[in-house]
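Notes for the structure review
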Amino acid sequence: MIYFFLMLLPALSFASAWVREKGELFISPSFNYYSAKDYYDKSGNKKPIGCTFEKREFQVYGEYGINSSTTLTFKLPYDQLKCGNNKTSGFSDLELGFINSISRGKNYSLSYYANAIIPTGYSINDNPRLGYGRLGLEGGLLLGLSGKAGFLDSGIGYRYYFGYPSSQIRSYITGGINIYKNLQFLTILDLQLGLGDGKRKAVGQNIFLEPDYKLAQVYAGPRLMFGNLSFVATYQHVFWGRNTGVGRGFNLGLWLNF
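Please read all numbers here as calculations on a predicted model, not as lab measurements. (Residues numbered from 1 in each chain as written. Predicted model: local features only at pLDDT ≥ 70, side-chain atom pairs only at ≥ 80, totals over all residues. Heavy atoms only, no water.)

Turning our attention to the overall build of the protein. When helices and strands are counted, the protein shows 0 helices and 13 strands. Listing every helix and strand of the protein by position from the N terminus yields β-β-β-β-β-β-β-β-β-β-β-β-β. Here the C-alpha atoms of the protein give a radius of gyration of 18 Å, agreeing with the 18 Å that 2.2 N^0.38 yields for 258 residues. Going through the 258 residues of the protein one by one, you find that 50% of them count as buried. Across the protein, every contact between residues at least 6 apart in sequence was considered, and the portion connecting residues at least 24 apart equals 60%. (Helix = DSSP H or I, 4+ residues; strand = E, 2+ residues; numbered from the N terminus. Rg over C-alpha atoms; globule rule 2.2 N^0.38 Å. Buried < 20%, exposed > 50% of the residue type's maximum accessible area, 1.4 Å probe, protein only. Contact = heavy atoms within 4.5 Å.)

Rendered as structure tokens:
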């Protein structure tokens, strides 16, 4: 059974193309830190935010195989946001969804997924704001390939919000190279493109919440494997964007498989 890339990183929205076996449970607690002093404006020019935006996120992600072709997923983040003297903390959006297998073989898997993005009752008047405060739906396709040298996992999806935020195309490609029997090196490219079809409204100092943003970011780091337990540490860097922060950060996570 292929376990080494069944869950990606806290800041990413996609699970893997491989589904869980019936009754199999996967849990991943994780921590993400991100900071930015500048942002990309609507033309891609870098400008100062006016304060240092910081985000600390504690997250629990889980998967459960209800049968051999369908896996249920959930994600619940708790965020601490700061920009200058303004601070906000609390649970942001809960995500509930599933992954369903379309076709799979020894070295490949093709699946589709769907998620609901559910606000947890935070105030949209907070600054920085924890989320849009709008229900959203997301769905798309996932494709994974594996071999002796490592794996390639990818996904593309469409996210729609019932409210002012722009809908988005969200895509990722993950590559993993087997360095040693207990060590892998992961590289992830994440692309999020707002389609410009949402009404423009001010959302305060949270640079992740512009109604129409675009960004490309990369993650890179090792994964240490010890049976059913893994430790993942990655560096995060946003290298292109529109209406989003010019930020960097890191992610730490545990992967527990039962």
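Below, the discussion takes up a nonpolar patch on the surface. Judged by side-chain polarity, Tyr108, Leu143, Leu145, Leu152, Ile173, Leu189, Leu191, Phe239 and Trp240 come together as a nonpolar surface patch covering roughly 740 Å² of accessible area. At the level of elements, β7 (136-146), β10 (183-194) and β12 (229-242) are the ones that each hand at least two residues to the nonpolar patch. Mapped onto the fold, Leu145 is located in strand β7. (Patch = residues over 30% accessible without salt bridge, like charges linked within 9 Å, V, L, I, M, F, W, Y side chains within 5 Å. Areas by Shrake-Rupley, 256 points an atom, 1.4 Å probe, with all protein chains shown as cover. Salt bridge = Lys/Arg side-chain N within 4 Å of Asp/Glu carboxyl O.)

Bringing the packing of aromatic side chains into the picture now. Under the defined criterion, the tally for this structure stands at 10 aromatic pairs. Pairing Phe26 with Tyr61 gives two aromatic rings, centres 6.5 Å apart and planes at 70°, and the pair type is edge-to-face. With a gap of 35 residues between them, Phe26 in strand β1 (residues 25-40) and Tyr61 in strand β2 (residues 46-65) connect regions that are remote in the sequence. Side by side, Phe26 and Tyr61 carry an identical accessibility label, which is buried. When the ring of Tyr132 is compared with that of Tyr164, the centres are 6.2 Å apart and the planes differ by 85°; the resulting orientation is edge-to-face. (Phe/Tyr/Trp six-rings, centres within 6.5 Å; stacked < 30°, edge-to-face > 60°.)

So, about the pattern of salt bridges. Going through the model one piece at a time under the given rule, you end up with 10 salt bridges. Of the charged contacts in the structure, one is a salt bridge between Glu63 and Arg20, with a shortest N-O distance of 2.9 Å. Here Glu63, found in strand β2, pairs with Arg20, found in the segment before β1; they are 43 residues apart in sequence, far enough to count as distant. Exposure class is identical for Glu63 and Arg20. Each is buried.

Time to look at the state of the cysteines. Under the criterion given, the structure shown has 1 disulfide. The residue that forms a disulfide with Cys51 is Cys83, at a sulfur-sulfur distance of 1.9 Å. The S-S bond linking Cys51 to Cys83 shows a torsion near 60°; that makes this disulfide right-handed. Of the two residues, Cys51 is situated in strand β2 and Cys83 in strand β3 (residues 70-83); the sequence distance between them amounts to 32 residues. Relative accessible area serves as the criterion here: at 16%, Cys51 is assigned to the buried category. (Disulfide = S-S within 2.5 Å.)

In terms of nonpolar packing, the biggest core is built from 18 residues, with Tyr34, Phe53, Tyr132 and Val238 touching the most fellow members. If you list the elements that add at least two residues to this core, you get β1, β2 and β3. Judged by nonpolar contacts, the second largest core, of 8 residues, contains Phe26, Tyr61, Phe151 and Trp255. (Core = buried A, V, L, I, M, F, W, Y, C linked by side-chain atoms within 4.5 Å.)

Distances and angles like these do not, on their own, reveal function.
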